[in-house]
Amino acid sequence: MRFAVRMTWCLAAVATSAALAQEVPLVAPTEALPPEQQRQMFHLPPGFEIQLVAAEPEVHKPMNLRFDHRGRMYVTQSVEYPYPAADDAPKRDEIRRYSEFGPDGHAGKIETIVSGLNIPIGVLPTSAGLLYYSIPQVSLATDTDGDDVPDHSEPFVGTFGFRDTHGMCSSLHRGLDGWVYATHGFANTSEVAGSDGQKIVMNSGNTFRMKLDGTHCEQLTHGQVNPFGLCFDPRMNLYSADCHSMPVYMLLRGAYYPSFGKPHDGLGFGPQMIRHLHGSTGIAGVVYYAADHFPASYRDTLFIGNPVTGRINHDRLAQTGSTFDCVEQPDFISCDDLWFRPVDVQLGPDGALYILDFYNCIIGHYEVPLTHPRRDRERGRIWRVVYKGDDPTSRPLAPLPDITSKSADELIALLRQDNLELRTMATHELVDRIGSAAIAPARAALEHSTPDQRAHLIWVLERLGALDGTTILRLANDGEPVVRIHLIKALSERADWTAAGCDVQGLVLARLHDGDAFVARAAAEALGRHPRLDQLGPLLEAWSLASPQDTHLVHVIRMAARDHLLLPEAFAEARRLAEGNPQRFGQVADLSLGVASAEAAAFVLDYLQSPSGPRDRLDQFLQHAAQQGPPEQFAAACGFAEGLQATERGTQQLALRALQRAAAARGLALTPTIRTWATRLGNELLTASEEGPVREGIDLARELGLAELFDALAALTESQPLAALRPAAVDACVAIDGHRAVGLLARLLASSDQPLDLRQKAAQALGAVGNDAAREALLAQLSTAPERLAIEIAAALAANRPGAEGLLAVIQAGKASPRLLQELNVENRLRAAGVPELDAQLQQLTSGLPPRDERVRQLIDQRREGFHRASADVAAGQAVFKQRCAACHRLGGEGTKIGPELDGIGQRGLDRLLEDVLSPSTNVDQAFRSTLVATTDGRSLSGLALREEGQVLVLADAEGKEVRVALDDIDERSATPLSPMPGNLADLVPEADFYHLFAFLLSQKQPPAKP
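**Quick look at the overall build of the chain**
- Scanning the chain from N- to C-terminus turns up 32 helices and 37 strands.
- Taken over the C-alpha trace, the chain has a radius of gyration of 30 Å; the compact-globule value for 1011 residues is 30 Å, and the two agree within 12%.
- By principal-axis analysis of the C-alpha atoms, the chain measures approximately 90 × 75 × 55 Å.
- Out of the 1011 residues in the chain, the part that is buried amounts to 62%.
- For the chain, restricting intrachain contacts to residue pairs at least 6 apart in sequence, the fraction spanning at least 24 positions comes to 65%.

**Looking at helix H25 (residues 801–812)**
- Counted at 1.5 Å a residue, the expected span for H25 with its 12 residues is 16 Å, and the 16 Å between its end C-alpha atoms agrees.
- The set of residues buried in H25 consists of Gly803, Ala804, Gly806, Leu807, Leu808, Val810 and Ile811.
- On its buried side, H25 packs onto helix H23 (772–782), helix H24 (787–797), helix H26 (824–832) and helix H27 (838–846).
- Positive phi shows up at Gly814, right after H25, with a value of about 80°.

**Concerning the packing of aromatic side chains**
- What the rule picks out here adds up to 30 aromatic pairs.
- Taking NZ or CZ as reference, Lys61 lies 5.1 Å from the ring centre of Phe358, over its face.
- Taking NZ or CZ as reference, Arg863 lies 4.6 Å from the ring centre of Phe994, over its face.

**Thoughts on the sheet that holds strand S8 (residues 107–117)**
- Ordered in space as S5-S6-S7-S8, the four strands form an open sheet in which the pairing is antiparallel. The two strands at the open ends of the sheet, each matched to only one other strand, are strand S5 (62–67) and S8. With strand direction ignored, the average angle separating the axes of adjacent strands in the sheet is 20°.
- The pairing of strand S7 (residues 93–101) with S8 spans seven bridges and is classified as antiparallel. Across the sheet, Phe101 pairs through a bridge with Ala107, a residue of S8.

**So, the pairing of strand S10 (residues 129–134)**
- In terms of burial, S10 is a largely internal element, six of the six residues being buried.
- Bridge count for strand S9 (residues 123–126) against S10 is four bridges, and the pairing is antiparallel. In the sheet register, Pro125 faces S10, and the bridge partner there is Leu130.
- The turn linking S9 back onto S10 is made up of two residues.
- In this structure, the hairpin formed by S10 and strand S11 (residues 137–142) is closed by a connection of two residues.

**With respect to empty space enclosed by the protein**
- Enumeration over the complete set of coordinates arrives at five cavities of 30 Å³ or more.
- A volume near 220 Å³ is recorded for the largest cavity.
- For the largest cavity, the lining is made up of 17 residues, of which Tyr181, Met236, Arg253, Lys489 and Glu525 are closest to its centre.
- By residue class, the composition of the lining of the largest cavity is eight nonpolar, two polar and seven charged.
- In terms of lining residues, the second largest cavity is bounded by Arg66, His173, Cys231, Phe232, Val287, Tyr288, Gln346, Leu347, Leu420 and Glu421.
- Breaking the lining of the second largest cavity down by element, the ones donating at least two residues are strand S19 (230–232), strand S23 (286–288), strand S28 (342–347) and helix H3 (420–434).
- Split into classes, the residues belonging to the lining of the second largest cavity amount to six nonpolar, two polar and two charged.

**Structural notes on the pairing of strand S21 (residues 248–251)**
- Judged by which residues are buried, S21 turns out to be covered on both faces: Val248 and Met250 on one side and Tyr249 and Leu251 on the other are all buried.
- Counted along the chain from strand S20 (residues 238–241) to the antiparallel partner S21, the turn is six residues long, and its residue His244 has a positive phi close to 70°.

**Focus: the sheet that holds S19**
- Judged by pairing direction, the sheet is antiparallel, and its three strands sit side by side in the order S19-S20-S21 without closing on themselves. What marks the edges here is a single partner per strand, and that holds for S19 and S21. Across the sheet, the mean angle separating the axes of adjacent strands is 25° when strand polarity is ignored.
- Here S20 pairs with S21 via four bridges, running antiparallel. If you follow Tyr239 over to S21, its bridge partner there is Met250.

Rules of the game
Residues numbered from 1 in each chain as written. Predicted model: local features only at pLDDT ≥ 70, side-chain atom pairs only at ≥ 80, totals over all residues. Heavy atoms only, no water. Helix = DSSP H or I, 4+ residues; strand = E, 2+ residues; numbered from the N terminus. Rg over C-alpha atoms; globule rule 2.2 N^0.38 Å. Buried < 20%, exposed > 50% of the residue type's maximum accessible area, 1.4 Å probe, protein only. Contact = heavy atoms within 4.5 Å. Expected span 1.5 Å × (residues − 1). Phe/Tyr/Trp six-rings, centres within 6.5 Å; stacked < 30°, edge-to-face > 60°. Lys NZ or Arg CZ within 6 Å of the ring centre and 35° of its normal. Pairing = 2+ DSSP bridges. Axes fitted to C-alpha atoms, helices over the stretch in contact; angles between N-to-C directions. 1 Å grid on protein atoms, 1.4 Å probe; cavity = no way out; pocket = protein on both sides within 12 Å on 5 of 7 lines; lining within 4 Å. Points joined across faces, edges and corners; volume = space filled by probe spheres on them. Nonpolar A, V, L, I, M, F, W, Y, C, P; charged D, E, K, R; others polar.

Below you can see the structure in the form of structure tokens.
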């Protein structure tokens, strides 16, 4: 369901045979195939067979699937997607149940069990009833009349945002701890709470969990862009599939993960476990294969759904301590039918791999308009993958089990099975159905049990309140790491360790140094959830001893130690531990970056002033010291920074920027001494002879608002030797004093001798100033400006209502072309400006004009022909990329992650790249839409909203520069359907460089691993 998006340029190839890769079309040129014909077009490793479970009309656009304890499959499906049904419209979506599977996998019985839904995604059958997500909440459906079909639904947890429908709430899984885990999806903001009223607020990618009785919700992780897919492994590690960051993460409770423009918690982002993209950033569904039906070489590996390339990717796991690194394997499944879209993959309790196929000619959500006429809303397939080869390590496929009538002893016996899904189901049956009657046989079974069996029995006893001190002590010294892991995880769920009948804290502390790193990680997490001052020292010691290569263990220890610093008197203990110990001093200072308190800031400042102070990240430490605590703390940080004036210029710039950001976040002003220092350094940089220092000076003056440097910057706007820096100087002048800059900007705009890109920059800047003089300057040039400049002038005028009305009046009077109104950037700004009766005016003024798309197509055609004629150079194109694109995009590990990563972009082909670059606002993903900001002093700003830092909104402008606006200065803020990517790249980049850039982009291809 959640695929890649239009701005996701990272797209890999689909194979038309098992060995040949070619570009993936956004809309498959082929027609839908009958299920049997599609089945014959799959490629799997030898010995494997793919079987059809169901196809349309038995299933429509499937999204999520789960099995119940009777071996029946539940599938959510939607004909509404991608648009939610209106409140007053019929809801046509439903959940169907599939059962009575034949030897060929086909479902013999299909029932619609919940209907009238609105884009349902997550589904989970439980002992309490059927949990499912349908806009706008998770609901619980129950059977009240005994006919085995739910007939009553009530709200369970909500309310979830749904402005973007290709994520929302999905991937419901129940852990061995009894909690229900779920993902929260892309671009939406949700405030949800259980019946206890404790609210969590999530924006875009997150994971969270809910108690099965609906009493409580809690956030698990922060970030990711759009997670869609969860699974556990036998150690109870939780994995998620994600788009736009990395395909899969092993999630660490409390960690922050990369998203667009969002900060981490001060400790850095949670560690990666995969460093390849599988040719796509649109990933859906993940399975850790923990069963014995597939041959041994496939066990304890990951299968990942890839609806963009139409493949099931496969990764082997290489272990370093408690960290897994994904080692890319040949794709497990590919299909020559370009409609194959695997959106969910699940391990069945029979050992087979089940796949939901969204079956669509369109790759995903935003790649093409949501209204595209070929978007299929009816078809869908469910597939089952089984092994029928002769590998002796494979066990025959088990029947889908019904365990709902099994006794406690029979269920305990099932805990010996290799299939993790089956063991988990048996655990829930023992707790939910058997209840207290399971305690005695569970205790007895511990004496003669397998390691996995003991691990699950721990949860049975713990959830039934029967895991006593004697049993805890015996299991704490179990020879099998998996048993110790689950014991500690179970104990971490307890609210109170003192009532256990044994020294839980002592045994968990001892396991910080367990010979198995997964046990040590579980212990660190448990200590973090039960902080006590006397645990801080052991955690810091464990951090010292942990291997840096075990990134997951290190991060959990750091989070746990940081959480101890939130305790009262924690920094007194930290100072005691750090006294005379530079290593401890540095550790606590590092952790303090994740604590927003005056005590943390004071500790960081002491660290900065110490002989063992930071050798790197000076700006992070200084900003933290200045931003937290009382006003005198800010003054003390400034005092420390003043001593850096004699250091090299790079260090001075870092310090000054850190102080400025701290001051802005606090709503304070820099001290006169700091401003004098900044002005002196700025002058030194601006008067340098090399381009690099001058650019640094421009950036410094702009970010710090150094009005004293306005004249020097104004001179740079007309500098011929440093012509490449003139647009940046224009930006800085406007940022420092927009009203004073109007005259300068008007001269640049009016001068036909100036380069077109500089005149366009002047038009944009005048639009940002937004006062009467700026509007007059724009209107004065509109009638004589060349077309590309006129478009920028029109967009600048449309940024506010007075300018928008002036633009319409000039066009009505015949003094400017009505074709300007067909530009997406202009039209959408006019709408945001709130012009009365705009549609009627637009219709009148543009009547009889050729369609907008025709003019865009002419430009694309012209550049396509030019590219084929040009002698483009890849190396030269890489230099253009670094200059023009790397400020917003990463490629090959270089650049800035504001927009999507571009690895594999070449697979899109010339035509698609031309569309994306020359018409970036045609169809823009929610994550990359510009925000328009009107300030109280009349300025108009636009850019990608990244985050809020204290009292400041941070935007990224079209060049990737961060623009900071005080929240108190914002009069109005609105989202637009526009891309922040400049729409005039064809003007900004010389034509020869444009072709070099495209040669470089087209050379960036990451074909999928070949089977």
